[in-house]
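One letter stands for each residue in the lines below.
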Amino acid sequence: SMASPALLMRVVASAYSVAEKAATIVRNVMSAGDLGIVEKAGPNDLQTKADRLVQMSICASLARKFPKVTIIGEEELPTDDVTEDLIEDGHCEEILKKPCPAQYTGIKEEELVIWVDPLDGTKEYTEGLLDHVTVLIGIAYGGKAIAGVINQPYYNYEAGANAVLGRTIWGVLGMGAFGFQLTEAPAGKHIVVTTRSHSSALVNECIAALNPDHVIRVGGAGNKIIQLIEGKASAYVFASPGCKKWDTCAPEAILHAVGGKITDICGNSFQYNKEVKHMNSAGVLATLRNYDYYASRIPNTVKESLVP
């Protein structure tokens, strides 16, 4: 008989279904019309009913199946009073059928940390820029992002009434990433994707130094990594604090699984062990290809302004 699937593959397979349930919650909250918006630190730092319900759903569903895994979510929420209708018990059979990369077959539950951003791009969600929105579930081991799930609840939402709404992208280091068509940005073009709602003098100084052919300003870290892996942008550059570990963990795993690279602006890799501080205080630099080209052009003045 076949050995039962390795823990990592079971976690990823469950996270896939949990993310699909999350997408349904996100769409239902939007279509019901009452977003229940709360300002956290200010007008660009929002929380909605969708953020709250999705986080409860993801964390409670995964905690029930994998009780010894550490799960860290963006929102400060109680975890004990989650209603049964928020629990997702399913998993993706396709993922369970794939062999686990050898280096991860012996992982134990207590060695995993799951970083959850229930709704990445909340501000854009409240403004109706629905294609910017993602649900992020990142899986870390030994302080490294090793697997991730990104769900886009509104993928295809402008394609007409009969379009299938939403998609789930997933990846594991040493295996690859699935659910999208890997595409490289046009050769010789320098297209930078950056923040839409968290701009600053430093952000703009850094981008200007790269002398890009084009700058795309969109919300959400998950969305920006998708721009890289689908060839719409050649670099994701954010010279500012503000991004957190739950923003980068899932996207990092998927980007690294297809040979890309993400660091802070100073070139340091991110750590995802459970004790780590949540803020990526030295910003983000990510590419699918040609990382060194962009890294070499970040001005020292910008690096000195951002302390890791």
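Chains are numbered independently. Their residues run from 1 in the order of the written sequence. Given that the model is predicted, a residue must reach a pLDDT of at least 70 before its local features are reported, and side-chain atom pairs must reach 80 or more before they are shown or counted; all residues, however, enter totals for whole chains, interfaces and linings. Excluding hydrogens and water, the side-chain figures rest on all heavy atoms present in the structure.

Trainee: It is not clear to me how the pairing of strand β11 (residues 235–238) should be interpreted in this structure. Could you clarify?
Mentor: Each regular strand displays side chains that alternate between the two surfaces of the sheet. The alternating pattern of β11 places Ala235 and Val237 on one face and Tyr236 and Phe238 on the opposite face, and all of these are buried. DSSP calls a pair of strands paired once it identifies at least 2 bridges connecting them. Numbered from the N terminus, helices here are DSSP runs of H or I no shorter than four residues, and strands are runs of E no shorter than two. Taken together, the two bridges between strand β9 (residues 191–194) and β11 define a ladder with parallel strand orientation. Following the sheet pairing, Val192 is matched in β11 by Ala235. Pairing of β11 with strand β13 (residues 284–287), which is carried by three bridges, proceeds in the antiparallel orientation. Paired with Phe238 across the two strands is Val284, which belongs to β13. Whether a residue is buried, partly exposed or exposed follows from its accessible area with a 1.4 Å probe, protein chains only, as a fraction of its type maximum: under 20%, in between, or over 50%, in that order.

Trainee: Where do I start with the UniProt feature "binding site: Mg(2+)" (unreviewed entry) in the chain in this structure?
Mentor: UniProt positions are given in the numbering used here, feature names are shortened, and annotations may be inferred rather than shown by experiment. The UniProt entry lists Glu74, Asp117, Leu119, Asp120 and Asp247 under the feature "binding site: Mg(2+)" (unreviewed entry), expressed in the numbering used here. In summary, the annotated positions, though distributed over 174 residues, converge in three dimensions, the widest C-alpha pair being only 9.7 Å. Checked against the lining of the largest pocket, the annotated residues reduce to Glu74, Asp117, Leu119, Asp120 and Asp247. One can find Glu74 in the loop between β3 (70–73) and α3 (93–97). One can find Asp247 in helix α7 (residues 245–257). Judged by relative accessible area, which is 10%, Asp247 ranks as buried. A pocket, in this scheme, is an open set of points on a 1 Å grid over the protein atoms alone with protein on both sides within 12 Å along at least 5 of 7 lines, while a cavity is a set where a 1.4 Å probe fits but cannot get out; residues line either one if an atom lies within 4 Å of a point.

Trainee: Would you explain the sheet that holds strand β8 (residues 176–178) in this entry?
Mentor: Hydrogen bonds along the backbone pair up the strands of a sheet, which may run parallel or antiparallel. The strand order across the open sheet formed by six strands is β3-β4-β5-β6-β7-β8, and the pairing between neighbours is mixed. A single partner strand is all that each edge strand has here, and the edge strands are β3 and β8. Taking each pair of neighbouring strands and ignoring which way they run, the sheet shows an average axis angle of 15 degrees. In the packing of α7 onto the sheet, contacts are made with β3, β4 (112–120), β5 (134–141), β6 (144–152), β7 (167–172) and β8, and the angle to β6 comes to roughly 100 degrees. Throughout, an axis means a line fitted to C-alpha atoms (over the contacting stretch in the case of helices), and angles, computed between N-to-C directions, take values from 0 to 180 degrees. Note on definitions: a residue-residue contact is assigned when non-hydrogen atoms from the two residues lie within 4.5 Å.

Trainee: Got a minute to help me understand the sheet that holds β9 in this structure?
Mentor: Spatially, five strands are ordered β10-β9-β11-β13-β12 in an open sheet, and the strand pairing comes out mixed. Only two strands of the sheet have a single neighbouring strand rather than two, namely β10 (214–217) and β12 (261–263). Each neighbouring strand pair of the sheet contributes to a mean axis angle of 20 degrees, computed without reference to strand direction. Docked against the sheet, helix α6 (residues 221–229) engages β9, β10, β11, β12 and β13, running at close to 150 degrees with respect to β11. Strands β12 and β13 of the sheet are contacted by α7, whose axis makes an angle of about 145 degrees with β12.

Trainee: Looking at this model, I keep getting lost on the layout of surface pockets. Mind explaining?
Mentor: The method is simple in principle: a probe with the dimensions of a water molecule rolls over the atoms, and the space it marks as empty is what remains. Grid points are joined across faces, edges and corners, and a volume is the space filled by probe spheres set on the points. The volume enclosed by the largest pocket comes to roughly 880 Å³. Lining the largest pocket are 44 residues, with Asp45, Glu74, Gly242, Lys244 and Asp247 positioned closest to its centre. Ranked by residues supplied to the lining of the largest pocket, first place goes to helix α2 (residues 49–65) with four residues. Classification used: nonpolar for Ala, Val, Leu, Ile, Met, Phe, Trp, Tyr, Cys and Pro, charged for Asp, Glu, Lys and Arg, polar for all others including Gly. Partitioned by chemical class, the residues of the lining of the largest pocket number 17 nonpolar, 13 polar and 14 charged. Segment limits for the domains were obtained from an automatic or database-derived domain assignment. A domain split of the lining of the largest pocket shows at least three residues from each of domain 1 (5–176) and domain 2 (189–303).

Trainee: So what exactly am I meant to see when it comes to α2 here?
Mentor: For an α-helix the count is 3.6 residues per turn, leaving residues at separations of three or four pointing the same way. Expected span of a helix: the number of residues minus one, times 1.5 Å. For α2, spanning 17 residues, the distance from its first C-alpha to its last is 25 Å, which sits close to the expected 24 Å at 1.5 Å a residue. Within α2, burial applies to Ala50, Asp51, Val54, Gln55, Met56, Ser57, Ile58, Cys59, Ala60, Ser61 and Leu62. Buried positions along α2 lie against α1 (7–32), β2 (45–47), β3, β4, α4 (122–126) and β5. Throughout this description, a polar contact denotes any pair of N or O atoms lying within 3.5 Å of each other; where both atoms belong to protein, one of them has to be capable of donating a hydrogen while the other can accept it, and for residues adjacent in sequence the pair is counted only when both atoms sit in side chains. Residue Thr48 occupies the N-cap position of α2, its side-chain oxygen lying 3.1 Å from the main-chain nitrogen of Ala50.

Trainee: What should I look at first to understand the environment of Ala63 in this one?
Mentor: As for its placement among the helices and strands, Ala63 is situated in helix α2. Measuring from C-alpha to C-alpha, the distance between Ala63 and Glu275 comes to 19 Å, with 212 residues separating the pair along the chain.

Trainee: What is the right way to look at α1 in this model?
Mentor: Between the first and last C-alpha of α1 there are 37 Å, a value that for 26 residues agrees with the 38 Å anticipated at 1.5 Å per step. Directly beyond the C-terminal end of α1, a positive phi value near 90 degrees is found at Gly33.

Trainee: Can you walk me through the environment of Gln55 in this structure?
Mentor: Mapping Gln55 onto the fold places it in helix α2. Under the relative-accessibility criterion, Gln55 is labelled buried at 6%. Once the C-alpha coordinates of Gln55 and Ala22 are considered, the two residues, 33 residues apart in sequence, prove to be 8.2 Å apart. Beyond its immediate chain neighbours, meaning those up to four positions away, Gln55 contacts Gly73, Glu74, Glu75, Leu77 and Pro118.

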